Amino acid sequence: MNLESIAVNILEPLGFEVLEIQVQNPQRTPIVVVRIDRLDEQPVTTEDLQLCSQTLGLEFDRLDPIKKEYRLEFESPGPKRPLKTIRHFERMLGLKAKVRSSGQNFTAPIKEVNGDMVTFDHGEEGVTLRVGDFQANLAEFPDRHR
């Protein structure tokens, strides 16, 4: 079982979405950074981060998925929020996203979401891509929680 699967299995029942897991500094003492959001779309609180850290920390201790000493850190989505699902794009409609796909890389506002297709206001006609066929992160911080 990989780190993301473990985190999803433990945190989703508690009401949290695992947006991203990164292992930083793997050659020394690794830092496992877990970026979460709330499934009810409310802002992530420090109490949420503490609950997730304690709960997932206990499961990591039990399963021992990293065989050496490591540090576990939790973060709220922040200004570079990963955009992975249709709902993520719907929530951030109108904001700029940094998009990386096999054929192109660009930063542009999210113009429209239709089914599993997202249109970005890039170029004369815009660019439409299927969610799952590209990577995207928010490129600007919203003026209010979304």
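Before reading on, note that the structure itself is shown above.
All values derive from a computational prediction rather than experimental measurement.

Visitor: Lay out the sheet that holds strand β5 (residues 96-101) in plain terms, naming residues and giving numbers.
Guide: An order of β4-β9-β5-β6-β7-β8 is seen for the 6 strands of this open sheet, with the pairing classed as antiparallel. Of all the strands in the sheet, the pair left with one neighbour each is β4 (82-83) and β8 (127-130). Direction of pairing for strand β7 (residues 117-120) relative to β8: antiparallel, over a ladder of 4 bridges. Across the sheet, the residue bridging to Phe 120 is Val 127, located in β8.

Visitor: So, the side chain of Asp 37: which residues are in play, and what are the values?
Guide: Within the secondary structure, Asp 37 sits in strand β2 (residues 31-38). On the accessibility criterion, Asp 37 (1% relative accessible area) is buried. Side-chain polar atoms of Asp 37 contact the side chain of Arg 91, separated by 3.0 Å. Excluding its chain neighbours within four sequence positions, the residues that come into contact with Asp 37 are Gly 15, Phe 16, Glu 17, Leu 19, Gln 42, Val 44, Pro 77, Arg 81 and Arg 91.

Visitor: Which residues make up the sheet that holds strand β3 (residues 71-75), and what are the values?
Guide: Judged by pairing direction, the sheet is mixed, and its 3 strands sit side by side in the order β1-β2-β3 without closing on themselves. For this open sheet the edge positions go to β1 (16-24) and β3, each flanked by a neighbour on one side alone. Here the strands of the sheet are splayed against their neighbours by 20° on average, with no regard to which way each runs. Summarising the sheet, β2 and β3 pair through 5 bridges and their orientation is parallel. Paired with Arg 35 across the strands is Glu 75, a residue of β3. Its contacts with the sheet put helix α1 (residues 3-11) on β1, β2 and β3, and the angle it makes with β1 is roughly 150°.

Calculation notes
Residues numbered from 1 in each chain as written. Predicted model: local features only at pLDDT ≥ 70, side-chain atom pairs only at ≥ 80, totals over all residues. Heavy atoms only, no water. Pairing = 2+ DSSP bridges. Helix = DSSP H or I, 4+ residues; strand = E, 2+ residues; numbered from the N terminus. Buried < 20%, exposed > 50% of the residue type's maximum accessible area, 1.4 Å probe, protein only. Polar contact = N/O pair within 3.5 Å; in protein donor to acceptor, adjacent residues only side chain to side chain. Contact = heavy atoms within 4.5 Å. Axes fitted to C-alpha atoms, helices over the stretch in contact; angles between N-to-C directions.

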